[in-house]
Amino acid sequence: MSTDTTAIGNANETTNIRRAEPPVNVYVRIRPFIGDELTRGENQNMLCIRDEKRIAVKLYPTATNNIRPAQTSYNEYEVTRIFDHNCTQQELFEQILEQPTDEIFTGSNWLLCTLGLTNSGKTHTMFGTPKDPGLIPQCLQRIFLHVGYNIDKKVLFKPDGLENLVQTNMNNLQDEINYRKYIFKDDKDDRRRNHLQNIIQDQQSILDDHSVEDEHYSVWISFFELYNENVLDLLVKPSAMKKRKPLRLMQNSESTIIKDLVQIPVFDLKEAEDTIRFGYANRATSKTDLNEASSRSHAVLCITLITFDEFEEEPTMSHMYICDLAGNEPSTGTGKQLVETCNINTSLMTFKDCIRVLNENQTAKKQMLLPYRNSVLTSIFRPFFIGRGRTIICCNVNPCATFISQTNDLLKFSALAQKTIIVPVEPPQKKVVVESKIKGPKRLGQGGRPIGIGKKKHHQSLDSEDIDDQDGVVLDEAGIPVDVQSIYYWKYCTKKAMDLLQKQANNRRLFLVQRHEERTKAIEHILCQRTQIAQLNTEKQAANQQIDSLNKIIRSEQENTKQMKAKSQETEKKYHDLAKKFTQTNQDNDTLRSRLKTLQQKFDSLNTEYNTILEQNRQHEQEQFNAKTQHNEEIKHLKHEYEQERLDKLQKDKLIEQLNEKIRSEQNLNEKSQQESTQLKQDLKVIHAKYDTLQMELLQLREEKTKEPIVVIDPLPSHPPAPTPIPATTTTRLMRSKRSAHEEDTQDNKKPKHGTPDRPAGNSGLASKPSTRKIPSRTNLDDERKPTPPTLTKDVKTKSASILKKRPLAPSNSADSPMLTAKSGTNSTTSPVDLHPLVQPSPAISTTMSPKPSTIQRIQSFFRHTPPSNRIINQLKTTSAGIACGPSSPLPASPIAILQKPSLAMRKQTPKRRYKLRSRVNSNQ
Ligand SMILES: Nc1ncnc2c1ncn2[C@@H]1O[C@H](COP(=O)(O)OP(=O)(O)OP(=O)(O)O)[C@@H](O)[C@H]1O
């Protein structure tokens, strides 16, 4: 372990000095709860801020920490200033770094480093965010605010290590030109990339014009990290990042030099920020259990300010070291992460040890050696431990209850550091190395007078002595040597020129003194202006705050305006819609009005029509009323008539009923007679059979009596002449044909509508259809009924009468006659004479004579027309009378019957109907 002799001095002297000096500035910043810390229950009010400088840590068992005793106790610590979670970045800068930043312009060096657990907000405090810049961006802003237009555009000097300066030339700025090219590679124009190059090219002429400016500042930035105890440059080419080698540390008794560290001149704030952003991107970070982007190295930013003035002998150089230390964390990882954590913790431990030793040395009689060589970090910061600069420590505190033990340790160290006083020592004499043959700027104060002028003075004295001592020189009236070829003449001229130059130099000196005074005044004025600017800045900040609040108001107003605009647009839309509707409604109204007009006209016309119709109706009603009264009278009359007719009808009905009863009885009789007739028909059939046998007998008899002549007297004049004898076959045939004709007649008689032969045709309604068939028997009978024509001979008549007298028909019905036998068997009372007068035997028929064919025929006809029984005849008479009664006295259709119809009676009696009814009644009547 090496010792640092610069830190060891006389103990008593040092203690006295220390008391006068301010201690190390230690600030505590407590970050707010982030992420899910509140939901995890990390807020257990473990930290209690007593006042601006005092903070108390509550110690009792928590959910995750059971180390502490059960009873609640507080550890109270005092620091320079405490900032709670409400502290803004700007507030922090104003309190911590504003004054140190101003002081680097007076040549002081400052070290600001952050300490704290991992994830406690160290990087956030240093760099911040684009919207909420941290201490470094604000510090740069402050520096460039001071520098203003006095930036050294000539880049006359460059830092050599942390303590020395070198004058620049064409060669030693080449590295910086290259650095700037890749750092500002994203520039759209080449202005910044070529800026330094252009300066160097114009350097010759600029250097000649040294008298124009009086105060210059040049700002240089270097950015490196301490990773695993190696110094690694952060401003190297991205392509060389992986190959980059650790930089070497070179130390002497006064300072530490990092060899080959890139230092870049920046000419404005933008360039400085871009440079730092470039370096920050190269920093080693990785994800840990506690932080998404945990710093795995200590990042050190060095801002170097070179100041030179025409009236000062030497340029001054000051540094601002801003160090974002990696977080102190438990050694829980493995492999690479464990190595990183160990190195981080070692370097932090050494840093704390150095502070502790310094603190202990304040009171200890025997001064201890600083263990700064134990880590690269403390080696670099050594000048600050030996008083070559001031130190600020910012302790970032994680408020979570989980880490309260580590927080307590950190605050304990902070309180210790805050009590530590580091005695400042005189800065070593800065060496300005002139490497180029080109002359540097000529300083007025340098060497008292210009070299040339001093030499001239020396020559002048010599020359004047020469001239004064010259005796043989011929002078004119003005005292000028006449001989221009002589040395005295030229000496004289030179003397005069020197005098003139001296005069000019004196004048210039006076001018420069005057200008210096003016500039001093101007500087005073500028300083005054700076204070004014500071005031203005505060005012500006206040104004900015006001602007912010106003902006908020404006934003809210804008939002309101937007909403109002939207509303107005909506309203406008509604208005347009309503206007459209209004025009539409107007058009509708117009059309409705026109329609109303036409309707009004129609209404008027209809009204007039209505009035006329009303009048007509009134008249019509009157007429109807009159007609109604008439109709009522008519109805009364008709009712009366109807009553009469009804009575008549009742009488007639009674009559009809009586007649109906009669008809019914007649019908019964008729049925009985029909039964009898069927019986008779059967009898007739039997008689026919008998008749045939009789015929046969008759034929036999005829054959027997062929020889006997038969006189046949024909009573009818229309009768054909006496028939010639007919052969038997022919007679038989004739008989048969007659019988068939008789059968046909019988069959015709079966028909009910055929009237009986004695029924008068004219009295029967059924007889209105006379039978087209002529019954020969009836004709014969009619003919028989007729009186015998006078053409008949008396003989014949007599004969026939005699025959009839002698041989009445009854005797003809002898025992051998089947006809008589049958008749006598069935009805002895039946007699053809009694029954039917028409069938009485004709007196013309002579029975005495042998039967002739005509007689046979008459017999046949007799049998054929067997008269019905009396009963049948009576029945027929009754029936015919009944039947004749119907159609002979038909009931006339009565109008009352029509009126009796319910449909007609119920029908509404309109005048028209009434009229029709009346006309019908009239027509019926
Ligand atoms: N004052 C603050 N306000 C709001 N957020 C903060 C504040 N301080 C820290 N944070 C947030 O806390 C988180 C951790 O912060 P940061 O990375 O700076 O911690 P750290 O101490 O640098 O950690 P490490 O040592 O691991 O690098 C970040 O997300 C950051 O945004």
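So, how was this worked out
Counting restarts for each chain, with residues numbered from 1 along the sequence as it is written. Residue-level local features of this predicted model are given only where pLDDT is at least 70; pairs of side-chain atoms are given and counted only at 80 or more, and the full residue set underlies all totals for whole chains, interfaces and linings. Hydrogens and water are ignored here; the side-chain numbers use all heavy atoms of the structure. Aromatic rings from Phe, Tyr and Trp, with only the six-membered ring used for Trp, were paired whenever their centres fell within 6.5 Å, and each pair was classed as stacked if the ring planes differed by under 30 degrees, edge-to-face if by over 60, and tilted otherwise. Counting from the N terminus, the helices are DSSP H or I runs at least four residues long and the strands are E runs at least two residues long. Relative accessible area decides the class of each residue, using a 1.4 Å probe on protein chains only: under 20% of the type maximum gives buried, over 50% gives exposed, and in between gives partly exposed. Paired strands are those between which DSSP finds at least two bridges. Each axis is a line fitted through C-alpha atoms, and for a helix only the stretch in contact is used; angles between axes span 0 to 180 degrees, taken between their N-to-C directions. Whether two residues touch is decided by their heavy atoms; if any such pair falls within 4.5 Å, the residues are in contact. Salt bridges, as used here, are contacts in which a Lys or Arg side-chain nitrogen is within 4 Å of a carboxyl oxygen on Asp or Glu.

Draft legend 1. Molecular detail of the packing of aromatic side chains. According to the stated counting rule, one finds 11 aromatic pairs in the structure shown. Here the aromatic rings of Tyr-182 and Phe-278 are separated by 5.8 Å at their centres, their planes lie at 45°, and the arrangement is tilted. Linking Tyr-182 in helix α6 (residues 174–183) with Phe-278 in helix α9 (residues 269–281), this pair joins segments that are 96 residues apart in sequence. Judged on exposure class, the residue Tyr-182 and its partner Phe-278 are both buried. With centroids separated by 6.5 Å and ring planes inclined at 75°, the aromatic side chains of Phe-351 and Phe-381 adopt a geometry described as edge-to-face. Separated by 30 residues along the polypeptide, Phe-351 in helix α10 (residues 335–363) and Phe-381 in the loop between α11 (376–380) and α12 (382–385) bring together distant segments of the chain. The class of Phe-351 is buried, set by a relative accessible area of 0%.

Draft legend 2. Summary view of the sheet that holds strand β2 (residues 47–49). Read from one edge to the other, the open sheet built from 3 strands follows the order β2-β3-β4, with strand pairing classed as antiparallel. In the strand order of this sheet, the two ends are held by β2 and β4 (73–78), each with one partner. Each adjacent strand pair in this sheet contributes to an overall mean axis angle of 25°, direction not counted. Note: β2 against strand β3 (residues 54–59), 3 bridges, orientation antiparallel. Among the inter-strand pairings, Cys-48 is bridged to a residue of β3, identified as Ala-56. Contacts from helix α13 (residues 404–418) reach β2, β3 and β4, with the element oriented near 35° to β4.

Draft legend 3. Representation of the pattern of salt bridges. What the rule picks out here adds up to 18 salt bridges. A salt bridge links Arg-31 to Glu-37; the nearest nitrogen and oxygen atoms lie 2.8 Å apart. One salt bridge connects Arg-40 with Asp-36, and the closest N-O pair in it is separated by 3.3 Å. Classification of Arg-40 as partly exposed rests on a relative accessible area of 48%. Within the structure, one salt-bridge network assembled from shared partners comprises Arg-50, Asp-51, Arg-54 and Glu-76.

In short, geometric facts, not functional conclusions.
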